[in-house]
Amino acid sequence: MNVNDPCILTNSELISLSRFTEILSNVHNRVSSRKPSSISPQLNNNLGKGLIDKLIIHLPQSMTTEELTLRCKGMGYKVNMHYKRDKRYYMGIDCHSQTIDCFLGRPNNTECYKIIINPSKVKLWSMTELLLIKIFSKSVLESKIYRIDYTVDIFETYEKILEGLDIKYKRSTVEFIGGSIRTGLLIGVENDKISIYNKGNKEKANFPWTRIERQTTGKAIFIKKLGDLKHSAEQIITYNPLAIITLNNIHFISDQNLPEGQISKLNELKTLIKFEGYFLGKKKLSKNNNFQRDYGNLFTLTPYLIQPHEIFNNDISIFFKETIQ
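Here we summarise the structure given alongside this text. (Residues numbered from 1 in each chain as written. Predicted model: local features only at pLDDT ≥ 70, side-chain atom pairs only at ≥ 80, totals over all residues. Heavy atoms only, no water.)

**A word on helix α7 (residues 260-285)**
Helical periodicity: at 3.6 residues per turn, an α-helix aligns residues three or four positions apart in one direction. With 26 residues, α7 should reach 38 Å at 1.5 Å per residue; the first-to-last C-alpha distance of 18 Å falls well below that figure. Along α7, the sharpest change in direction is near 125° and occurs at Gly277. Residues Gln262, Leu266, Leu269, Leu272, Ile273, Glu276, Gly277, Tyr278, Phe279, Leu280, Gly281 and Leu285 constitute the buried set of α7. (Helix = DSSP H or I, 4+ residues; strand = E, 2+ residues; numbered from the N terminus. Expected span 1.5 Å × (residues − 1). Bend = angle between axes of the 7 residues up to and from the residue. Buried < 20%, exposed > 50% of the residue type's maximum accessible area, 1.4 Å probe, protein only.)

So this is what it looks like as structure tokens:
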């Protein structure tokens, strides 16, 4: 068999042997990676993983760094003071399975009220909840949720994800991340943003790894209190935060026998999608909302068999130990 001969039928599309070999190689690299703790372990398949990544809460009552240090040292947890990328000062608590950051702002501040945690570092939400109760007492369950990120890790290159990405999102503010070498995309404003970026590059992983997340703060948060989070799986799945995102394979028609004007449009479309992806390319070419009329006959979209929201919804029910009927 030649490496370009078709060997697998998926979604009415033939995959070449070379592509199949590449997929197997990616799977092997993921299994043999030395950074498994960076990936949420709740879904053991080759598609992706759904998780709640960043969670920021406001304690019902602030605590002093002295009190927190004494508590943590008594539990065998290391404490360190450091600046983060936002150039603010934090007290970090190393809890072995994950790190908790307590916001201070400035080095001379000794009162802590804002806590940043990453629940994705452990298998189940109950593990994070018990840890927070252990350190901050049971009153931590009364904390107000300030930010929550709904996230899916897709084991595909960022460039491939961006190429066929489509988002049903009214907010038009778009910002690329990474300067001259683009490594991410941020869409939206204020309380509700979508971030898509090359997580593999950030973590120096040896396999394709793209993170898709919906960042919600303030009024966009419908689960207000930390103690309510453990019963929220069904609410989150009903809300379906990643349903507005669709991943596609995009296929262009041949330029043979096309009129010169159509060839020009096809090349314009190919260039835009190569560098900015389908979502942004469509926005730029949608003059008077006539994109489908002007360019729709030049390509076809084939949706991925499994979409990000399906991976997320499956995993989140496991994460909160709830069975959704």
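What follows continues from the structure just given.
**Points about unusual backbone geometry**
Positive phi values are uncommon outside glycine, yet His96 reaches one of about 70°. Residue position: His96 is located in the loop between β5 (89-94) and β6 (99-105). Taking relative accessible area as the criterion, His96 reaches 64% and is therefore assigned exposed.

**Re the packing of aromatic side chains**
Using the criterion set out here, one finds 13 aromatic pairs in the structure. For the ring pair Phe291 and Tyr295, a centre distance of 5.6 Å and an interplane angle of 20° mean the geometry is stacked. Taken together, the residues span about one helical turn, with Phe291 and Tyr295 both in helix α8 (residues 291-295) at a distance of four residues. With relative accessibility at 3%, the residue Phe291 sits in the buried group. Given the relative accessible area of 6%, Tyr295 is considered buried. Through pairs of rings, three or more aromatic residues link up here, namely Tyr150, Phe222, Tyr239 and Phe312. Against the face of Tyr90 rests Lys84, its NZ or CZ located 5.6 Å from the ring centre. (Phe/Tyr/Trp six-rings, centres within 6.5 Å; stacked < 30°, edge-to-face > 60°. Lys NZ or Arg CZ within 6 Å of the ring centre and 35° of its normal.)

**Section: the pairing of β6**
The side chains of a regular strand alternate between the sheet's two faces. By the criterion of burial, β6 is predominantly enclosed, with six of the seven residues buried. Bridging between β5 and β6 involves six bridges; their strand directions are antiparallel. Among the inter-strand pairings, Met91 is bridged to a residue of β6, identified as Cys102. Between the end of β6 and the start of strand β7 (residues 111-117), which pair antiparallel, lie five residues. (Pairing = 2+ DSSP bridges.)

**Overview of the sheet that holds β7**
Ordered in space as β4-β5-β6-β7-β3-β8-β13-β12-β11-β10, the ten strands form an open sheet in which the pairing is antiparallel. Single-partner strands in this sheet number two, and they are β4 (78-83) and β10 (174-177). Each strand axis lies, on average, 20° off the axis of its neighbour in the sheet, ignoring direction. In this structure, strand β12 (residues 192-198) lies alongside strand β13 (residues 210-217), joined through seven bridges in antiparallel fashion. (Axes fitted to C-alpha atoms, helices over the stretch in contact; angles between N-to-C directions.)

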